[in-house]
Amino acid sequence: MAKQYFVMGIGGTGMRCIESLVHLCAMGMFDDTEIHLLALDTDKNNGNFSRLKEVKEAYVNAKNLDKANRTSLTDTFFSADIKYYEFSPNYEKKSTFNDVFNYGNTKYNNPEEADLADLVLTDNVENFNLRHGYRAQTHLGSMMMYHSIIEAARSRMDNELKQFLQVLIQACNGGSDPKVFILGSVFGGTGASSIPIIPQAISEAASIMSNGAANILGRAYFASTLLTAYFSFKAPSAEELKDQKVIATSDKFALNSQVAMMFYDDDTTVKNTYQRFYMMGTDGQGWDPMIREKDKITKTITGGGEQKNDSHYIELLAASAALDFFNCDIAHLKENKSAGETDYVYRAVDGSGKFEFKDFVGNKDNYDKDFAKKFGMLIAFSFLCNDPDIDFVESVRCNKQKEITGFEGMDVNQVEYLKKYFNLFNVRKVNDEFAEGWIRQIHRSAGGGDNFLFNPKLFAFHTMKELHKYDWNKNLYRNEGIGKDWTFSVGFFGSKFNSFKEEFIKTLHNGTPTTITNTGERFYKLVYDTLCKIYNIN
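Residues numbered from 1 in each chain as written. Predicted model: local features only at pLDDT ≥ 70, side-chain atom pairs only at ≥ 80, totals over all residues. Heavy atoms only, no water.

Re the packing of aromatic side chains
To keep it simple, the criterion reads: Pairing of aromatic side chains here covers Phe, Tyr and the six-membered ring of Trp, requires ring centres within 6.5 Å, and sorts the geometry by plane angle: under 30 degrees stacked, over 60 edge-to-face, intermediate tilted. Residue exposure (1.4 Å probe, protein chains only): buried if accessible area is under 20% of the type maximum, exposed if over 50%, otherwise partly exposed. Each helix is a run of DSSP H or I of at least 4 residues and each strand a run of E of at least 2, with the numbering of both proceeding from the N terminus. Only Lys NZ and Arg CZ are tested; either one counts as a charge over a ring when it is within 6 Å of the ring centre and within 35 degrees of the ring normal.
Counted according to the given criterion, the structure contains 50 aromatic pairs. Their ring planes at 40 degrees and their centres at 5.9 Å tell us that Phe355 and Phe360 sit as a pair that is tilted. Each member of the pair Phe355 and Phe360 is classed as buried. Ring plane angle 40 degrees and centroid distance 5.9 Å describe the contact between Phe500 and Phe504, whose orientation is recorded as tilted. Within this pair, Phe500 and its partner Phe504 are both found in helix α23 (residues 496–510), separated by four residues, close to a single helical turn. Here the two residues Phe500 and Phe504 agree in accessibility, since each one is buried. In this structure, Lys337 packs its charged tip against the face of Tyr221, placed 5.3 Å from the ring centre. The positively charged end of Arg440 is found above the aromatic ring belonging to Phe461, 4.5 Å away from the centroid.

Shown next, in the form of structure tokens:
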């Protein structure tokens, strides 16, 4: 039976961390796993929320168009079965603190409560528009998010939060020791507000849904990222501040991070609900997540569709932390839970600025080698799929590769979703040049050059002509470390594609029989096995 994991991504940073986690799933890092993935953000129109949904849709439909027949697999691409849910508090009609809590009546009927609120909430905080999030007002946001989750549980209407919690309730009642990992930052608004209260909030919500029968807080194990400030953005003008009332400013992010870390180190309630925290951050806030749009930006973007920040390597590190938590010893987590103890975990990266595979996943049991293999093979597959001179997947589907048969049943829509996924993962053609996908943004955030895991030539081409000249058969990995010997040669009159195709045909006829029933997934498995053979990866 597939392992069952639960992940919650909260706020804009949480959305980008989930995006990295989906790419880990595409590599095959979550083999034989069913992942229940809840995206939770106050700003449902946020650009990063929209991009996450694009990546998710491409992933699940590239895996299998039939939702009912999606299953978890092993040793292949797209191996995890992702079950996706999303939840956003409804601030369309009631968009301020005063509106949500009918504050005028509260002041009249419960003046003591109103006086207490006025002590900690300024007039601007009570009246700013909540549709773009909590804007670093964590004291307000924690209360608002808790209230929204409880109200969603009490609602007679079905919603995806309740669907997510229902599966978690079943896992708890089934005695499977479920693990819940929460992705978000501690320096912003929605994530910083939600991480402290999420375990209690979803446990109370589950209790409401089950008439007191569910005890998520008592039976599930929780971990989260403590992701500190790692980027900055344009400061608001005085006029914008006057108009918006409250705007999160990046000059306060470092201070917010320090205060948050003091809280997580000291608060007893948090220690009693979380069994592990992953502490992470960068040595500065030099990353501008919207630098490619800087010529178009004329105002501070507080949220909505315009807020589509580029991805950063630390978000991949956060997603890798989820992988670590799900693989950690359950006996140790039980000890922590029983004693009310919390592990604070961190990993130091070499000061040279170069990232190694072990920096993301560790090197226990050659896990870094496995990560390097699966990451690299997914990149190679992207070239086979999206290079129009090769277009291997589509050419097999429509029987243009006469020596390769048995895959004519692949659905053309499944192939199109696969191409879309690789456009988002690697590069996509826009006019005569390429637009950056996820991996190129990650590479740029790490400082470019050979700082990030792979050969710098992988990130150097910008046109289709340059792509055709790129020797991904021998210049995929760096010239030192893991992967330096993972190459394959081509004959004097051969090509990268022909060498791959010859090995694919051998694998097709001589490979191990598979029980995979979906034609597309069966094809991906053969591509995976062929690439591992031709690159001489043991």
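Looking at the sheet that holds strand β1 (residues 3–10)
To keep it simple, the criterion reads: Paired strands, as defined in this entry, are two strands with at least two bridges between them according to DSSP. For helices, the fitted axis covers only the stretch in contact; all axes are lines through C-alpha atoms, and the angles between them, taken along N-to-C directions, range from 0 to 180 degrees. Whether two residues are in contact is decided by their heavy atoms: any pair within 4.5 Å suffices.
As summarised here, the arrangement of the seven strands in space is β3-β2-β1-β4-β5-β6-β7, forming an open sheet in which the pairing is parallel. Because the sheet does not close on itself, it has two edges, and the strands there are β3 (81–87) and β7 (343–345). Recorded for the sheet is a direction-independent mean angle of 20 degrees between the axes of neighbouring strands. As judged from the four bridges shared by strand β4 (residues 179–183) and strand β5 (residues 221–227), these two strands associate in the parallel manner. The partner of Val180 across the bridge, within β5, is Phe222. Along the sheet, helix α10 (residues 198–209) contacts β1, β2 (33–40), β4 and β5; its crossing angle with β1, the most-contacted strand, is approximately 115 degrees. Across the sheet, helix α15 (residues 313–327) is in contact with β1, β4, β5 and β6 (276–280); its angle to β4 comes to roughly 170 degrees.

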